[in-house]
Amino acid sequence: MLKKRLMLPAVAVLILCGCEKKSVIQPSAPIVGVSKVIKENVPLRIEVPAKIMGSLEIQVRAQVGGILKSRTYNEGEYVQQGVKLFEIDPAPYEAALTRAQGTFAQAQSELRRTSRDYTRMQKLHKNKAISQKEYDDSLSAYERAQANMKVAEGALHEAEINLGYTEVKAPISGIVRKEAQSVGNLVSPNGESSLLTSMVKICPLHANFSISGSTWTALAKSYRSGHIELADKNDFQVEIVMADGSIYPEKGKVIFVDSSEDQQTSSVSIKAEIPTNETQKLLMPGQFVRARIIGAEYKDALIVPATALLSTQSGFSVYLVKEDKTVEVRPVVAEIIDNIAVVRDGLKANDVVVSEGVVKVRPGQPISPLFKESK
């Protein structure tokens, strides 16, 4: 009995010692992937939704009234500038031209007669063979004939123009859309009936799109500071990504950037010119595609894998690996491009950050680093 009593305190001491030893065991450092911050040139790429539009869209309207006699094009086809599209019944305008020509001939004849009379009167007046009134009357008749000649000349020119307007020709080279008036309809130069069709210029086409104001501001700052360089030193290029993911073979260029930000969408409108020809069938006005801004690169950019970025309410941060292999949280200013992050502020070249297994890491915790490629 005494022996059992002596053994109980000894067992208790062993248990307490075992618990105390267990409490001081530290967890092993987690193995995580780390990457060095490297410095190199990185191509810029911003991809946004875009809409294809004609570089010029116009309405074709009748400039004289009458019965629409014929349509001489196929709807939706490409036509050259100056090709006849419609014909308005020319008969009334041919008759008007004939009348104008007759009036013009009469005015010419009267001008020649009064000119001869005035020339004779000048000689007689010089020799004082006629009165001043007779001289003045001949001069007035001659001047009146000159004025009538100008009126007749203007009426003839107007009649010729109106007859020419009976042939409605393509004002531009482009695609002619569906007719707005059928053959046989009465059209007029005023009101809704004047609209005959519309045309769109497809050589070149335009791509209209917007990017966020913050992105544009960052882009402009980087360009002014020299961090971004243009390939051709003049324009950003634009690549068109089709709905199936294929790339349109011709690259465009930015030709317009709005001078103000849209207050409702907080975006900046941009227009790009896309080279095309009349036979291509890939791009059409009204088509929705994606526009990819290219032709520039970040000069001497600091890059890390995009997986190294931690998104917080205040922006991005990373786990920076210190010399003692512990980590600390470092806020950064960065932009994600595909699978990499371009860091504008917060890191320097050759810094080491956690790029894989960030969920295993806590601030101040030691790690077992396993180096990975930064790209």
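Residues numbered from 1 in each chain as written. Predicted model: local features only at pLDDT ≥ 70, side-chain atom pairs only at ≥ 80, totals over all residues. Heavy atoms only, no water.

**Notes on helix 4 (residues 213–224)**
Right, on to step 1. Relative to the 16 Å expected for 12 residues at 1.5 Å per residue, helix 4 spans 16 Å between its end C-alpha atoms, a close match to the ideal helical length.
Right, on to step 2. For helix 4, every residue scored as buried is listed here: Gly213, Leu219 and Ser222.
Right, on to step 3. Looking at the buried positions of helix 4, the neighbouring elements they touch are strand 3 (46–61), strand 10 (195–212), strand 11 (228–230), strand 14 (267–274), strand 16 (296–305) and strand 20 (340–345).
Right, on to step 4. Positioned one or two residues after helix 4, Gly226 has a phi angle of 90°, which is positive. (Helix = DSSP H or I, 4+ residues; strand = E, 2+ residues; numbered from the N terminus. Expected span 1.5 Å × (residues − 1). Buried < 20%, exposed > 50% of the residue type's maximum accessible area, 1.4 Å probe, protein only. Contact = heavy atoms within 4.5 Å.)

**Looking at the pattern of salt bridges**
Right, on to step 1. Across all of its chains, the model carries 16 salt bridges by this definition.
Right, on to step 2. For Arg292, the salt bridge goes to Glu47, with nearest N and O atoms at 2.8 Å. One end of the pair, Arg292, is in strand 15 (residues 288–294); the other, Glu47, is in strand 3, with 245 residues separating them in the sequence.
Right, on to step 3. Ionic pairing is found between Glu167 and Lys84, a salt bridge with its closest N-O pair at 3.9 Å. With Glu167 in strand 7 (residues 167–169) and Lys84 in strand 6 (residues 84–88), the pair connects residues that are 83 residues apart, well separated along the chain.
Right, on to step 4. A residue is classified by how much of its surface remains accessible, and Glu167, at 33% relative accessible area, is partly exposed.
Right, on to step 5. Because the salt bridges share partners, they merge into one network encompassing Glu47, Glu239, Lys251, Arg290 and Arg292. (Salt bridge = Lys/Arg side-chain N within 4 Å of Asp/Glu carboxyl O.)

**Focus: helix 2 (residues 91–126)**
Because an α-helix packs 3.6 residues into every turn, residues spaced three or four apart end up facing the same way.
Right, on to step 1. End to end, helix 2 covers 53 Å across 36 residues, agreeing with the expected 52 Å (1.5 Å per residue, within 8%).
Right, on to step 2. If you check which residues of helix 2 are buried, you get Tyr93, Leu97, Ala100, Phe104, Ala107, Thr114 and Tyr118.
Right, on to step 3. Structurally, helix 2 contributes buried residues whose contacts are with helix 3 (132–165).

**What about unusual backbone geometry?**
For residues other than glycine, phi is negative in most cases, and the peptide bonds are mostly trans.
Right, on to step 1. The omega torsion across Cys203 and Pro204 is 5°, close enough to zero to call that bond cis.
Right, on to step 2. Examined against the element boundaries, Pro204 turns out to sit in strand 10.
Right, on to step 3. Positive phi outside glycine occurs at Ser266, with the angle close to 55°.
Right, on to step 4. Accessibility expressed as a relative area gives 38% for Ser266, which makes it partly exposed.

**Remarks on the nonpolar core**
Right, on to step 1. Ranked by size, the top nonpolar core spans 35 residues in total, and within it Phe209, Phe236, Ile240, Leu283 and Tyr298 carry the most contacts.
Right, on to step 2. Counting residues in each nonpolar core, the second largest holds 17 residues, with Ala62, Val64, Val79 and Ile172 among its members. (Core = buried A, V, L, I, M, F, W, Y, C linked by side-chain atoms within 4.5 Å.)

**Examining the confidence of the model for the chain**
Right, on to step 1. With 91% of its residues at a pLDDT of at least 70, the chain reaches an overall mean of 87.
Right, on to step 2. Within the chain, no element has a lower average pLDDT than helix 1 (residues 2–23), which sits at 45, and none a higher one than strand 6, at 97.
Right, on to step 3. Of the regions scoring below 50 in pLDDT, residues 1–25 engages in 0 contacts with residues more than four places distant in sequence or in other chains. (pLDDT = per-residue confidence, 0-100.)

**Details of the packing of helix 2 against helix 3**
Right, on to step 1. Two elements in contact, helix 2 and helix 3, have axes separated by 7 Å at closest approach and are oriented at 160°. Taken together, the axis directions place helix 2 and helix 3 in an arrangement best described as roughly antiparallel. The interaxial crossing formed by helix 2 with helix 3 has left-handed handedness. (Axes fitted to C-alpha atoms, helices over the stretch in contact; angles between N-to-C directions. Parallel < 35°, antiparallel > 145°, perpendicular 65-115°, else oblique. Left-handed = near helix turned anticlockwise from the far one by under 90°.)

**Considerations on the pairing of strand 20**
Both faces of the sheet carry side chains from a regular strand, because those side chains alternate between them.
Right, on to step 1. Pairing of strand 16 with strand 20 involves 4 bridges; the strand directions are antiparallel. Considered in strand 20, the bridge of Val304 is made with Ala341.
Right, on to step 2. The pairing of strand 19 (residues 327–337) with strand 20 spans 5 bridges and is antiparallel. Bridge pairing in strand 20 links Ala334 to Val343. (Pairing = 2+ DSSP bridges.)

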